[in-house]
Amino acid sequence: MTATSDDSAAAPVRLARIGGDGIGPEVVDAAVRIVDAVCGDRIEWVEAEMGWGIFERAGRALPEATVEILAGCAGALFGAVSSPSHAVDGYRSPIVELRRRLDLYANVRPLTSGAIEAVVVRENTEGLYAGRERWEREGEVAIAERVISRRATERIVRFACELALSRAARRRRTPRLTVVHKANVLRVSDGLFRETALDVAAGFPEIEVEEQLVDSMAYRLILEPERYDVIVAPNLYGDILSDAGAALVGGLGVVGSANCGERFCLAEPVHGSAPDIAGGGIANPVAAVSAAALLLERVSLADAAVRIDELVANCRKNGPRTPDRGGDATTEDVVAYLLAAI
């Protein structure tokens, strides 16, 4: 993601904070405290709601009031959502709906630790997650339609290429792009993704471009993650690869992500709502803080984003460890460590 220059004299950037379910409110509160300590009065926070909790109270997982609030914001920091394991009348994933309504077409998931400096860019609006499912014979044969379009592929690959260039400029190295597909089997749908991706990438001659079949990519990402830079993939492949990659860099408790559109960014930690530890004060806030840095970069506060990334890197190396990372530290212990470093 690229950001324009910072202007500390400008009006505060309006951002929404959405705790959601489970440990979501705890980690969002922690991240907001870190952001405020770094940014001072450059951020104006507004509260909004979505998730299973608000569905149970009001019958809508994504209330219209929340959509109206977000329309007046540059972005939002979201905690987590709990979803029922069975079908519930009227319930739809608020994240999926929000991606559609705000056209948040790019999911960005950095994978950073030591020599690993990769980022997965996942197409966020179609593929198998387009939600086109039906019964061919009810209870016996179910059909899911996978949607790949030239338009969506063009813009996600262009986004990935621009990201590769901006990362290369900061790191002073040659940009690289890995296009992930399974066109040898899914010749029509992945064939279109592959063809379109390579056509778009050809317009960026500065970038070294390679292809990987998704099964081979999973193997090589585990075996040699340090060789990758920007990885672009259709929705399902990107989802799986980014979670697998998280295991290489400390687990889901330390990885943030950003859902990006042309005018809005929804950042969130990649872990779930973890209801079993909600309220216990032991949730790892690092992923939410990392997500906040992605959000700040996207809303033109790049200096603050860099500072928070530095704080997170130091905390992950030297700071207290919560139980998910083998320690006994509390959420507040991690927050106190970060605040002391600021």
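Residues numbered from 1 in each chain as written. Predicted model: local features only at pLDDT ≥ 70, side-chain atom pairs only at ≥ 80, totals over all residues. Heavy atoms only, no water.

Overview of the overall build of the chain
Quick reminder of the rule: Runs of H or I in DSSP of at least four residues are treated as helices and runs of E of at least two as strands, each being numbered from the N terminus. Relative accessibility decides the category of a residue: with a 1.4 Å probe and only protein chains considered, values under 20% of the type maximum give buried, values over 50% give exposed, and everything between is partly exposed. Every residue pair with non-hydrogen atoms within 4.5 Å of one another is taken to be in contact. Areas reported here follow the Shrake-Rupley algorithm with a probe of radius 1.4 Å; residue values treat only the protein chains shown as occluding. Counting rule for charge: Lys and Arg are taken as positive, Asp and Glu as negative, and neither His nor the chain ends is counted. Charge positions come from single atoms, namely NZ of Lys, CZ of Arg, CG of Asp or CD of Glu.
Secondary structure assignment for the chain yields eleven helices and twelve strands. With respect to the three principal axes, the spread of C-alpha positions in the chain is 55 × 50 × 40 Å. Counting across all 342 residues of the chain, residues that qualify as buried make up 50%. Residue pairs in contact within the chain that sit at least 24 positions apart in sequence constitute 72% of those at least 6 positions apart. When the accessible surface of the chain is split by element, carbon and sulfur atoms take 50% of a total near 15100 Å². In the chain, which carries 38 positive and 50 negative side-chain charges, the distance between the mean positions of the two groups comes to 4 Å.

Let's talk about the sheet that holds strand E5 (residues 116-123)
Rules: The criterion for strand pairing is that DSSP finds at least two bridges linking the strands in question. Lines fitted to C-alpha atoms define the axes, with helix axes restricted to the stretch in contact, and inter-axis angles between N-to-C directions lie between 0 and 180 degrees.
Taken in spatial order, the ten strands line up as E2-E1-E3-E12-E11-E4-E5-E10-E8-E9 in an open sheet, and their pairing is mixed. Strands at the two margins of the open sheet, each flanked by one partner only, are strand E2 (43-47) and strand E9 (208-213). Strand-to-strand twist across the sheet, computed as the mean angle between neighbouring axes with direction ignored, equals 25°. Of the strand pairs in this sheet, strand E8 (residues 176-181) and E9 are connected by six bridges, and their pairing is parallel. Paired with Leu177 across the strands is Val209, a residue of E9. Most of the contacts of helix H4 (residues 94-101) go to strand E12 (residues 265-269), to which it runs at about 155°, and overall it touches strand E3 (75-80), strand E4 (106-113), E5, strand E11 (256-260) and E12.

Regarding the packing of aromatic side chains
Counted only if it meets this: Two rings belonging to Phe, Tyr or Trp (six-membered ring only in the last case) form a pair when the distance between their centres is within 6.5 Å. Interplanar angles under 30 degrees mark stacking, angles over 60 mark edge-to-face geometry, and anything in between is tilted. Geometrically, a lysine NZ or arginine CZ counts as sitting over a ring once it is within 6 Å of the ring centre and also within 35 degrees of the ring normal.
In the structure shown here, the tally under the stated rule is four aromatic pairs. Considering the side-chain rings of Trp52 and Phe55, the 5.2 Å spacing of their centres and the 20° angle between planes classify their relative orientation as stacked. With Trp52 and Phe55 both in helix H2 (residues 52-58), this residue pair falls three residues apart, about one helical turn. Measuring from ring centre to ring centre gives 5.2 Å for Trp52 and Tyr91, while their planes differ by 75°; the resulting arrangement is edge-to-face. Remark: Tyr91 occurs in the loop between E3 and H4 and Trp52 occurs in helix H2; sequence separation between them is 39 residues. In textbook terms, an aromatic cluster arises when at least three aromatic residues are bridged by ring pairs, as seen for Trp52, Phe55 and Tyr91. Residue placement shows Arg227 over the ring face of Tyr228; its charged tip is 4.8 Å from the ring centre.

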